[in-house]
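If you want the building blocks of each chain, they are given just below.
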Amino acid sequence: MEQKPLQPLRPTPRSAPAQGSEVAIDISTLGRGTISPSLNTPKERILLAGDTNSGKSYAYMQIARRLKDRGKRMWVIDTDDTAPTFLAPGYEFEDLYFENGGNVYPFYAPDWPTLVKAANYVVQHGAEGDWVVIDLASSAYALAQQYIADLKGLNLNDEVARRLGALPGQKKQGFGAFDADTWALVTRT
């Protein structure tokens, strides 16, 4: 069987979509402009894991001290309010707190909207060579789950129990608190 040569894609002309309908994507415009091979600046990523009170937060405060000597900042998104036990008056790293002339900028983020605001602030004000710490990353994921549950009017704990079949008369419906569509929303969030 003889193969025909490949033909370039030619988008079909479309009229503008009606308001409220899906937007048509014209693939002929994707990829326009110039691009050339390049490398981004290498970034260091550290996942520091350990048991409660094993020294994870202490370790990043020690890193912050070294960064201060180099004129670099450390932005801390603190989901469990740990920063005060290191930076408050009378504590070991109080000199690193930005209001004391230090280089550590903590953001207490007890919920998802606050975490997002803190992350946006860091993106807008951070500079090359600064460090960003999320203490605790697992809590950030839990906050995203709670945020979506609240948006959907669900009680997260009740949903876990219901879906796992833990309540009398309930059939097991799968792992975790949500159906697949809601998990996709949590992941995107």
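Scoring rules and cut-offs
Residues numbered from 1 in each chain as written. Predicted model: local features only at pLDDT ≥ 70, side-chain atom pairs only at ≥ 80, totals over all residues. Heavy atoms only, no water. Salt bridge = Lys/Arg side-chain N within 4 Å of Asp/Glu carboxyl O. Helix = DSSP H or I, 4+ residues; strand = E, 2+ residues; numbered from the N terminus. Buried < 20%, exposed > 50% of the residue type's maximum accessible area, 1.4 Å probe, protein only. Lys, Arg positive; Asp, Glu negative; His and termini not counted. Polar contact = N/O pair within 3.5 Å; in protein donor to acceptor, adjacent residues only side chain to side chain. Contact = heavy atoms within 4.5 Å. Pairing = 2+ DSSP bridges. Axes fitted to C-alpha atoms, helices over the stretch in contact; angles between N-to-C directions. Parallel < 35°, antiparallel > 145°, perpendicular 65-115°, else oblique. Left-handed = near helix turned anticlockwise from the far one by under 90°. 1 Å grid on protein atoms, 1.4 Å probe; cavity = no way out; pocket = protein on both sides within 12 Å on 5 of 7 lines; lining within 4 Å. Points joined across faces, edges and corners; volume = space filled by probe spheres on them. Nonpolar A, V, L, I, M, F, W, Y, C, P; charged D, E, K, R; others polar. Phe/Tyr/Trp six-rings, centres within 6.5 Å; stacked < 30°, edge-to-face > 60°.

Engineer: Help me understand the pattern of salt bridges, please; the structure alone is not making it clear to me.
Structural biologist: If the charged atoms of two oppositely charged side chains come close together, the side chains can form a pair. Per the counting criterion, the structure on display carries 2 salt bridges. A salt bridge links R65 to D95, with the nearest nitrogen and oxygen atoms 2.7 Å apart. Of this pair, R65 sits in helix α1 (residues 56–69) while D95 sits in the loop between α2 (84–87) and β2 (104–108), placing them 30 residues apart in sequence. Residue R65 is classed as partly exposed on the basis of its relative accessible area of 30%. The class of D95 is partly exposed, set by a relative accessible area of 28%.

Engineer: What's the story with the side chain of K56 in this structure? I'm lost.
Structural biologist: Considering the arrangement of structural elements, one finds K56 in helix α1. Of the side chains with opposite charge, D135 comes closest to the buried, unpaired K56, at an N-O distance of 6.4 Å. Of the polar contacts made by the side chain of K56, one reaches the backbone oxygen of G50; its length is 3.2 Å. With near-sequence residues (within four places) excluded, K56 lies in contact with L48, A49, G50, D51 and L136.

Engineer: I would appreciate a short explanation of the sheet that holds β2 in the present structure.
Structural biologist: Taken in spatial order, the 3 strands of this open sheet run β2-β1-β3, and their pairing is parallel. Of all strands in the sheet, those with a lone pairing partner are β2 and β3 (131–135), marking the two edges. Neighbour-to-neighbour, the strand axes of the sheet open up by a mean angle of 15°, direction not taken into account. The pairing of strand β1 (residues 74–78) with β3 spans 5 bridges and is parallel. Bridged to D78 within β3 is D135. Sheet contacts for helix α3 (residues 112–125): β1, β2 and β3; angle to β1, the most-contacted strand, approximately 170°.

Engineer: For this particular structure, what's the right way to read the packing of helix α4 (residues 137–151) against helix α6 (residues 180–188)?
Structural biologist: Helix-helix packing is described using two parameters, namely the angle between the two axes and the distance between the axes. Interaxial distance between α4 and α6 falls to 9 Å at its minimum, and their mutual angle equals 130°. As the angle between them shows, α4 and α6 are arranged oblique. Between α4 and α6 the crossing geometry is right-handed. Residues Y141, A144, Q145 and I148 of α4 form the contact with α6, whose own contacting residues are T182, W183, L185, V186 and T187.

Engineer: Please clarify how the layout of surface pockets should be interpreted in this entry.
Structural biologist: Think of a ball as big as a water molecule: rolled over the atoms, this probe shows where empty space is left. The calculated volume of the largest pocket comes to roughly 1000 Å³. If you go around the largest pocket, you meet 29 residues; those closest to its centre are E44, R45, W131, V132 and V133. Put simply, the parts of the chain that give the lining of the largest pocket at least two residues each are α1, β1, α3, β3 and α4. The biggest single contributor to the lining of the largest pocket is β3, with 5 residues. A breakdown of the residues in the lining of the largest pocket according to their chemical character gives 17 nonpolar, 5 polar and 7 charged. In this structure, the second largest pocket spans a volume of roughly 170 Å³. Lining the second largest pocket we find T52, N53, S54, G55, K56, S57, Y58, D80, T82, F86, D135 and L136. The biggest single contributor to the lining of the second largest pocket is α1, with 3 residues.

Engineer: Please explain the packing of aromatic side chains as it appears in this structure.
Structural biologist: By convention here, two paired aromatic rings are described through the distance between centres and the angle between planes. Summed over all chains, the structure comprises 9 aromatic pairs. Look at F86 and F93: their rings are 6.2 Å apart centre to centre, the planes differ by 50°, and that puts the pair in the tilted class. Of the two residues examined, F86 and F93, each falls in the buried class. Aromatic pair F107 and Y121: ring centres 5.3 Å apart, planes at 55°, arrangement tilted. Here F107, found in strand β2, pairs with Y121, found in helix α3; they are 14 residues apart in sequence, far enough to count as distant. Aromatic rings pair up to connect W75, Y97, F98, Y105, F107 and Y121 into one cluster.

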